[in-house]
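Structural overview
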Amino acid sequence: MNHLSKRIVRLPALAAAALLLALAGCAGLGREAGFDAMASAAAQRVGATPAWPRDDAGRQRVDDEVAQLLAQTLTADDAVQVAVLQNPALQAVYGQLGVAEAELLQAGRLPNPRFRTTRTASEESFKYETALTLPLGALLTLPAVLGMEQRRFEAVRLQVTDRVLAVAADTREAWVAAVAAQQELHYLEQVREAAEASAVLAQRMARVGHFSQLDQLREQAYLADARVQLGRARGAALAAHERLMRLLGVDNPVRVRLPERLPELPPQPGEDGELERFALGQRLDVQAAKADAAATARALGLSRAIGMVNTLELGPARLAEQGEPLKRGYEVSVEIPIFDWGGARVARAQAVYLQAAARVGETAVNARSEVRESAAAWREAWALARQYRDEIVPLRRRISEQNWLRYNGMLISVFELLADAREQVNAAQGSIGALRDYWLAEARLRRALGGRLPAGAVAEAVPAAAAASTGRLVRRED
Amino acid sequence: MDRRIFMGAAAALGAATVSRAALAGLPEAVQQRSAATQPPLAPTGGVPYNPVVTLNGWTLPWRMNDGWKEFHLVAEPVEREIAPGMVARLWGYNGQSPGPTIECVEGDRVRIFVTNRLPEHTTIHWHGLLLPNGMDGVGGLTQPQIQPGKTFVYEFVMRKSGTFMYHPHADEMVQMAMGMMGAIVVHPKDPSLHRADRDYVFLLAAYDIDPGSFVPRVNTMLEFNLWTWNSRAFPGIDPLVCAVGETLRVRVGNLTMTNHPMHLHGCEMFVTGTDGGWVPPAVRWPEVSVDMPVGAMRAIDVRFDDPGDWAFHCHKSHHTMGPMGHRVPAMMGVDQSDLVERIRRLVPGYMAMGEAGMAEMGEMQMPLPENTLPMMTGEGPFGPLEMGGMFTVVKVRDGLARGDYRDPGWYQHPAGTVAYEWTGPVAEPQRPPGAPPDAGAAHVQVRKPGGHGSHH
Ligand SMILES: [Cu+2]
């Protein structure tokens with residue numbers, strides 16, 4: 001979101017006025033063509049196609065599709081699909097796109113001086129209209145207004161796409177949080193169960209005379225504590241579930257059936273260099289910056305391209321980026337054309353164009369940094385979740401097995417056994433937390449990459465149905 | 001201290017530093033691999049005597065060299081089977097803990113070579129023997145310690161007959177907690193004195209080996225979990241065998257840190273000797289439990305009139321138990337029937353135990369931690385023995401051949417000589433006149449068999 005508005009505000013005001021020729025084709029846009037283009041760009045990035053029903057039949061189609069998705073256990077991908085279909089905020093944003101498109105069409109047919117004023121009220125970040133107030137006749141201003149509208153429409157289209165991406169990412173995160181909270185609740189119920197068994201036993205021990213009041217009160221206190229924890233977790237699970245409901249635009253939470261478990265941890269993540277290259281091709285802010293540079297060139301009348309330059313190698317950015325991706329064997333570049341600058345008259349044009357080029361570089365450098373940051377977090381979360389799954393949980397299970405053997409030999413009592421069960425449940429709970437953090441990090445990485453993971457970045461997520469790694473407690477053959 | 005590292009170092013150092021060549025010319029350091037009771041070593045010349053039987057142990061062979069009886073002890077790490085299913089990594093002598101019994105005759109000139117294959121220095125103190133001060137084996141006080149890889153020689157005359165011990169007097173706490181000890185039996189020069197038909201010897205030792213581990217925790221002072229005779233615990237202790245009418249001598253030494261009332265069923269016991277010497281017959285008194293003080297030896301003579309399988313054990317009942325959790329609360333009278341299912345959801349396979357008492361522990365054989373003996377175990381001809389630790393049986397039979405130490409099996413009781421269940425009518429008890437009907441049962445809550453109503 002932020003990248004886009006910033007980028008558009010920075011557009012050189014003059015450039016808009018010089019777009020006349022380039023705008024000729026835009027008059028061919030039909031109603032909803034803009035939405036469809038946005039929808040396909042979004043679908044390509046989040047794997048879910050937005051819908052913007054404007055009549056009863058369309059609404060019915062969306063409702064049917066949502067009903068179908070909600071009829072089964074809701075996966076993360078399905079949740080994203082439901083959100084882009086009926087998230088209320090997105091529906092409003094789609095409307096915004098419709099307005100911009102209608103205005104663009106309007107500008108192409110009837111130059112209307114009033115229309116500039118209304119737009120200013122609705123889009124405070126677009127300041128160039130005032131700068132471009134042209135005290136000329138309608139015919140004279142038509143091409144300029146049309147150009148502005150076209151660029152504004154493009155900006156809104158990118159903004160809306162970006163909103164879809166954001167809602168998709170939020171939904172994915174909310175889905176992970178809701179499933180994890182529910183799963184955690186299940187474990188806390190087991191802790192409560194263990195504490196309850198301990199407390200009841202302690203009470204009976206005291207009644208018969210084996211336990212002092214002190215021993216009994218300790219168990220009682222533990223139970224009270226376990227109940228409080230469980231209550232807190234219930235609240236947290238409810239909040240997580242409701243947040244997901246809001247994003248899904250579902251008014252009746254009973255309609256949504258979440259899986260009992262998070263998907264299993266996928267195999268080892270891939271290399272960072274791949275991800276950065278992928279992000280530069282997919283991210284909307286990079287694309288917007290490049291489009292700006294191209295528009296700037298057109299506005300300046302620059303036409304004789306003499307080659308391409310990698311914006312990542314411009315100025316200080318080059319120092320910051322030097323070597324690393326190359327060392328890994330990946331060619332990462334964001335290229336734009338450079339031109340034959342000719343005489344002194346174009347010295348200013350050169351400076352303006354290089355300014356735009358530098359912004360492309362800035363956007364790309366930031367994008368890469370964001371990818372590296374979220375990829376590192378993702379990798380870290382993966383390692384931690386794996387440590388829980390492959391080391392901590394099995395260790396706890398083995399400890400429990402040993403304790404069970406000790407119980408058999410009357411070396412420890414049932415109270416130690418139950419205390420150990422609580423420890424084991426804590427480890428399982430920790431494992432769920434780590435797995436949740438992994439999927440959250442994965443969702444954030446998707447966002448940094450511009451919507452989705454490149455094919456092959458990780459293997460497909462394995463549903464947790466058959467997974468035994470965190471679900472069960474001690475297993476043994478009697 | 002990391003026990004495994006400790007032991008690993010022991011094995012490596014011990015094996016490496018004593019070369020075969022260095023020991024050439026010394027009497028062979030005979031090794032023993034078995035924990036079973038070995039046949040006694042009958043004298044092949046000199047003064048005749050009835051050789052001692054070392055319970056779950058053996059007697060060290062010797063050689064005569066120019067009028068000296070020469071023995072060779074090797075102090076080294078050993079593996080000792082405490083009972084079937086459990087092996088302890090100890091320190092001992094010549095392959096076992098305890099070390100072999102040194103057996104000789106009053107007046108013998110003995111030369112004992114001691115080779116150290118331990119990772120640290122050691123000495124041997126000859127507990128109870130009268131000898132020159134420089135032969136007393138107290139590290140730092142009467143001799144320099146024997147460094148790893150070195151061999152020392154002790155030479156002295158066995159001045160008196162009796163029952164004695166040997167053990168280290170260098171890093172003594174650790175080395176004794178690790179199982180370094182052995183018995184010394186000196187027979188009287190006059191074979192007619194202090195005769196016994198069967199003569200057994202063993203030492204009491206306590207270990208603290210955490211369930212699932214192998215090496216004793218040497219710093220434990222009181223809370224031991226393995227109470228052993230010659231580093232064996234029930235059911236690993238062999239039976240003592242003797243014939244009706246024979247004089248059975250049991251020589252016991254105590255190297256634990258507490259006393260043990262040795263209780264032998266079916267006979268009267270007389271202490272005939274201490275590590276100070278023979279007890280004059282006039283001052284011996286009959287007992288059924290002979291208390292074993294710490295650091296002392298007793299020779300106990302008994303004679304059985306009745307054949308049978310007679311229990312022989314320490315009378316501290318916790319010493320006839322295997323490893324157990326001393327902090328585990330009793331569960332008698334605590335109904336768990338409605339909780340078992342709930343607990344199983346958290347601890348699959350959970351079984352409620354101890355509701356009636358702990359006898360079920362002796363009956364069930366549940367999987368235990370590795371290398372761990374059950375708290376109580378054993379199966380007798382009439383049911384579970386529910387024992388552990390310092391418990392065995394003296395098997396007394398009619399007409400056993402002299403020198404036959406083989407286990408005769410369970411005693412076959414003549415008909416009508418075994419306690420039996422009363423199946424006749426139960427009459428009203430006879431009460432003193434005027435006593436209230438339920439006097440005595442007033443405020444003791446008794447959990448009656450089969451009842452589930454003790455809590456309310
Ligand atoms: Cu005892």
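Residues numbered from 1 in each chain as written. Chains lettered and ligands numbered in written order. Predicted model: local features only at pLDDT ≥ 70, side-chain atom pairs only at ≥ 80, totals over all residues. Heavy atoms only, no water.

Notes on the overall build of chain A
A tally of regular secondary structure across chain A gives 16 helices and 2 strands. Looking at chain A as a whole, 51% of its 478 residues are labelled buried. For chain A, the share of sequence-separated contacts (at least 6 apart) that also reach a separation of at least 24 residues comes to 85%. For chain A, the accessible area works out to roughly 22400 Å², and carbon and sulfur atoms hold 53% of it. (Helix = DSSP H or I, 4+ residues; strand = E, 2+ residues; numbered from the N terminus. Buried < 20%, exposed > 50% of the residue type's maximum accessible area, 1.4 Å probe, protein only. Contact = heavy atoms within 4.5 Å. Areas by Shrake-Rupley, 256 points an atom, 1.4 Å probe, with all protein chains shown as cover.)

Structural notes on the pattern of salt bridges
Under the counting rule described, the total for this entry stands at 44 salt bridges over all chains. The partner of E70(B) in a salt bridge is R63(B), with the nearest N and O atoms 2.6 Å apart. When its relative accessible area of 31% is taken as the criterion, R63(B) is described as partly exposed. Salt bridges sharing common partners tie together R192(A), E193(A), E196(A), R227(A), R342(B) and R345(B). (Salt bridge = Lys/Arg side-chain N within 4 Å of Asp/Glu carboxyl O.)

Describing empty space enclosed by the protein
All names here are of chain B. Applying the stated criterion across every chain, the model contains 9 cavities of 30 Å³ or more. There is about 140 Å³ of room inside the largest cavity. For the largest cavity, the lining is made up of 16 residues, of which N50, H187, P188, H194 and R195 are closest to its centre. Sorting the residues of the lining of the largest cavity by element identifies strand 10 (182–187) and strand 14 (247–254) as the ones contributing at least two each. Looking at the lining of the largest cavity residue by residue, the classes come out as 8 nonpolar, 3 polar and 5 charged. (1 Å grid on protein atoms, 1.4 Å probe; cavity = no way out; pocket = protein on both sides within 12 Å on 5 of 7 lines; lining within 4 Å. Points joined across faces, edges and corners; volume = space filled by probe spheres on them. Nonpolar A, V, L, I, M, F, W, Y, C, P; charged D, E, K, R; others polar.)

Section: helix 5 (residues 76–86) of chain A
Within helix 5 of chain A, 10 of the 11 residues are buried, which leaves the element mostly enclosed by the surrounding structure. Three or more residues of helix 5 of chain A are buried, namely A76(A), D78(A), A79(A), V80(A), Q81(A), V82(A), A83(A), V84(A), L85(A) and Q86(A).

Observations concerning the coordination of the copper ion
Residue and element names in this part refer to chain B. Coordination of the copper ion by the protein comes from H260 (ND1), C314 (SG) and H319 (ND1), over a distance range of 2.0 Å. Counting along the primary sequence, the residues that act as donors to the copper ion give the motif H-x53-C-x4-H. With H260 in strand 15 (residues 260–264) and C314 in strand 20 (residues 308–314), this residue pair connects regions lying 54 residues apart in the sequence. Taking relative accessible area as the criterion, C314 reaches 0% and is therefore assigned buried. (Donors = N, O, S within 2.8 Å, 3.2 Å for Na, K, Ca; no water.)

Focus: the sheet that holds strand 13 (residues 240–243) of chain B
Adjacent strands of a sheet form backbone hydrogen bonds with each other and so pair up, either parallel or antiparallel. Residues and elements named next belong to chain B. Pairing is mixed in the open sheet, where 5 strands are placed in the order 13-23-20-15-18. The sheet is open, and its two borders are formed by strand 13 and strand 18 (289–292), each paired with just one other strand. The average angle at which neighbouring strand axes cross in this sheet is 20°, direction not considered. One ladder, built from 6 bridges, connects strand 20 with strand 23 (residues 391–397); its direction is antiparallel. Bridge pairing in strand 23 places A311 opposite V393. (Pairing = 2+ DSSP bridges. Axes fitted to C-alpha atoms, helices over the stretch in contact; angles between N-to-C directions.)

Points about the interface of chain A and chain B
Between chain A and chain B, the contact holds 34 residues from the first and 38 residues from the second. With both sides pooled, the region where chain A packs onto chain B buries about 3200 Å², and carbon together with sulfur makes up 67% of that total. Per-residue buried area on chain A facing chain B is highest for R204(A), M410(A) and L411(A); these three make up 22% of the total on that side. Applying the counting criterion to the chain A and chain B interface returns 5 salt bridges. Our enumeration of links across chain A and chain B arrives at 13 residue pairs in polar contact (both at pLDDT 80 or more). Put simply, the parts of the chain that give the side of chain A that touches chain B at least two residues each are helix 9 (138–208), helix 15 (347–408) and helix 16 (414–449) of chain A. With 11 residues, the top contributor of residues to the side of chain A that touches chain B is helix 9 of chain A. Looking at the side of chain A that touches chain B, its residues break down into 20 nonpolar, 6 polar and 8 charged. (Buried area = accessible area lost by both parts, 1.4 Å probe. Polar contact = N/O pair within 3.5 Å; in protein donor to acceptor, adjacent residues only side chain to side chain.)

What about a nonpolar patch on the surface?
Residue and element names in this part refer to chain B. Side chains of M221, L222 and M257 sit close together on the surface and give an oily, nonpolar patch of about 350 Å² of accessible area. You can see M257 is positioned in the loop between strand 14 and strand 15. Residue M257 is classed as partly exposed on the basis of its relative accessible area of 47%. (Patch = residues over 30% accessible without salt bridge, like charges linked within 9 Å, V, L, I, M, F, W, Y side chains within 5 Å.)

Overview of the packing of helix 12 (residues 284–299) of chain A against helix 15 of chain A
Residue and element names in this part refer to chain A. Two elements in contact, helix 12 and helix 15, have axes whose closest approach is 9 Å; the angle formed by their N-to-C orientations is 175°. Judged by the inter-axis angle, helix 12 sits roughly antiparallel to helix 15. Residues D285, V286, A289, K290, A293, T296 and A297 of helix 12 lie in contact with helix 15, whose contacting residues are V352, Y353, A356, R359, V360, T363, A364 and A367. The residue makeup of the contact of helix 12 with helix 15, split by class, is 10 nonpolar, 2 polar and 3 charged. (Parallel < 35°, antiparallel > 145°, perpendicular 65-115°, else oblique.)

Let's talk about the confidence of the model for chain B
Close inspection of predicted coordinates is inappropriate for parts of the model with low pLDDT. Residue and element names in this part refer to chain B. On average, residues of chain B carry a pLDDT of 89, and 90% of them reach 70 or more. Per-residue pLDDT stays below 50 along residues 1–17; that stretch engages in 24 contacts with residues further than four places along the chain or on separate chains. In this model, residues 450–456 is a region of pLDDT below 50 whose contacts with residues beyond four sequence positions or in other chains number 13 contacts. Our summary of model confidence lists the complex with pTM equal to 0.78 and ipTM equal to 0.83. (pLDDT = per-residue confidence, 0-100.)

Observations concerning helix 12 of chain A
Every α-helix winds through 3.6 residues per turn, so residues three or four apart in the chain are directed the same way. Residue and element names in this part refer to chain A. In this model, helix 12 (16 residues) spans 22 Å end to end at C-alpha, consistent with the 22 Å of a helix rising 1.5 Å per residue. For helix 12, the full list of buried residues reads L284, D285, V286, A288, A289, D292, A293, A295, T296, A297 and A299. Once helix 12 finishes, G301 follows within two positions and takes phi at roughly 75°, a positive value. (Expected span 1.5 Å × (residues − 1).)

Quick word on the nonpolar core
For soluble globular proteins, the rule of thumb is that nonpolar side chains tend to be buried together. Core analysis: the largest hydrophobic core is formed by 90 residues, its most contacted members being L74(A), Y94(A), W175(A) and L248(A). The greatest single-element share of this core, amounting to 24 residues, is contributed by helix 9 of chain A. Setting aside residues no more than four positions away along its own chain, W175(A) makes contact with L74(A), T75(A), A76(A), A79(A), L244(A), L258(A), P259(A), L262(A) and P263(A). Counting residues in hydrophobic clusters, the runner-up holds 34 residues, among them Y200(B), I237(B), F304(B) and V396(B). (Core = buried A, V, L, I, M, F, W, Y, C linked by side-chain atoms within 4.5 Å.)

What to know about the pairing of strand 11 (residues 198–207) of chain B
Residue and element names in this part refer to chain B. By the criterion of burial, strand 11 is predominantly enclosed, with 10 of the 10 residues buried. The pairing of strand 1 (residues 53–54) with strand 11 spans 2 bridges and is classified as parallel. What sits directly across from V53, in strand 11, is Y200. Direction of pairing for strand 11 relative to strand 14: parallel, over a ladder of 7 bridges. Across the sheet, residue R198 finds its bridge partner in strand 14, namely L248.

Some thoughts on the sheet that holds strand 10 of chain B
All names here are of chain B. With mixed pairing, 4 strands are arranged side by side in an open sheet as 5-10-9-7. Among the strands making up the open sheet, the edge pair consists of strand 5 (102–105) and strand 7 (125–127). Here the average twist between neighbouring strands, direction ignored, is 25°. With 5 bridges joining them, strand 9 (residues 162–167) and strand 10 adopt antiparallel strand pairing. The residue of strand 10 that forms the bridge with F164 is I184.

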